[in-house]
Amino acid sequence: MFISGCLFLIVTVTGLRELFIAGIPQSLRTAITVGIGMFLALIALKSAGVVAASPATFVTLGDLHSAPVILATIGFLMIVALDRLKVRGAILIGILTVTVLSFFFGGNKFHGVFDAPPSIAPTFMQLDILSALKGGILNVVLVFFLVEMFDATGTLMGVAKRAGLLVPGKMERMNKALLADSGAIFAGSLLGTSSTTAYVESAAGVQAGGRTGLTAVVVAVLFLACLMISPLAGSVPAYATAPALLFVGCLMLRDLVELDWEDTTEVIPAAVTALAMPFTYSIANGLAFGFITYAVLKLCTGRAREVHAMVWVIAAIFLFKFAYIGGH
């Protein structure tokens, strides 16, 4: 994680990641937002118990009589109604309402408010870089790097677009966000954590009105507080936050209207990108299929000159990843 974080930081500082973003076709930019919306919806439906695993069909309908499904449904309808009525804090009200109801009807247990955070000594600065450079570990490092590069970038672009920040003239904000994201991965590796990068759930905060750096600072302070009040934070069940994610996911699908449905060389790669994200449970895989499809279709239809140079480079990188490393 440390080595991949270093590579990620270098790519960001040198501007290579910015070049990658500049080369993303408009149709795929739209697809990223839509795909993240579908991804959020799938996560929400799974957390609520509306969809469940099936050996025959991969996914199937969950138990609609269970308390999590019923409470999540109530929360979802409440959030939509309150948002339509312009009630401030609609998403938060929905989450808190479902959490309270979970104690009475969902079997939720209250485990107190305060608790000391665990020690970071077992993982802090416990780096064994020489071992990480041996054998097949380099493949793991490369996988981490590629996932961080494309998954995090796709997430940042999708959330920024939803917030109305990803527009010409404001790209400098994206550059700062990319640097913060890269720095977080590097710092997180020193603490011994998994990749500390942008998360698609941030779209819920955007929908609630978060648009500035103050939002991120407040969230950071609240996360720090959660180290001390983890029992209280843990009292919020997954199916209480699921309605908020489903609501935001539904709203993100509206970007589909921006696609040029008459040009299949644009709309098909976009559709592939959006569909692959939830179905492969990976934003990076969605981008991979989208870039490869886009490049091949443009080449086969004699429109290769329309393709940005970075598209060919990124498509080649993904082909190399799937051929040499595999899809996992």
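Residues numbered from 1 in each chain as written. Predicted model: local features only at pLDDT ≥ 70, side-chain atom pairs only at ≥ 80, totals over all residues. Heavy atoms only, no water.

Q: Kindly report on the overall build of the chain, identifying the contributing residues and their values.
A: Regarding its fold elements, the chain presents 15 helices and 2 strands. Taken along the three principal axes of its C-alpha coordinates, the chain extends 60 × 55 × 45 Å. The buried share of the chain, taken over its 328 residues, is 41%. For the chain, long-range pairs separated by at least 24 residues make up 76% of all intrachain contacts whose partners lie at least 6 apart in sequence. Carbon and sulfur atoms provide 72% of the accessible area of the chain, an area that totals close to 17,300 Å². Across the chain, 19 positive and 17 negative side-chain charges occur, with their mean positions spaced 5 Å apart. (Helix = DSSP H or I, 4+ residues; strand = E, 2+ residues; numbered from the N terminus. Buried < 20%, exposed > 50% of the residue type's maximum accessible area, 1.4 Å probe, protein only. Contact = heavy atoms within 4.5 Å. Areas by Shrake-Rupley, 256 points an atom, 1.4 Å probe, with all protein chains shown as cover. Lys, Arg positive; Asp, Glu negative; His and termini not counted. Charge placed at Lys NZ, Arg CZ, Asp CG, Glu CD.)

Q: Report on the side chain of S4, specifying residues and quantitative values.
A: Inspection of the secondary structure assignment puts S4 in helix α1 (residues 2–13). Residue S4 is classed as buried on the basis of its relative accessible area, which comes to 1%. Excluding residues that lie within four positions of it along the chain, S4 makes contacts with V141, F144, F145 and E148.

Q: Tell me about the nonpolar core, and name the residues and values.
A: F20, F150 and F291 are the most contacted members of the largest nonpolar core, which totals 60 residues. In this view, F150 contacts F20, I283, A284, L287, I314, I317 and F318; residues no more than four positions away in its chain are not counted. (Core = buried A, V, L, I, M, F, W, Y, C linked by side-chain atoms within 4.5 Å.)

Q: Tell me about the UniProt feature "transmembrane region" (unreviewed entry) in the chain, and name the residues and values.
A: Per the UniProt record, "transmembrane region" (unreviewed entry) is found at residues 6–24, 31–52, 64–82, 89–107, 127–147, 212–229, 274–297 and 309–327. In residues 31–52, helix accounts for 82% and strand for 9%; the two terminal C-alpha atoms are 26 Å from one another. Regarding residues 64–82, the helix share stands at 84% and the strand share at 0%, and the terminal C-alpha atoms are separated by 24 Å. (UniProt positions renumbered as here; feature names shortened; annotations may be inferred.)

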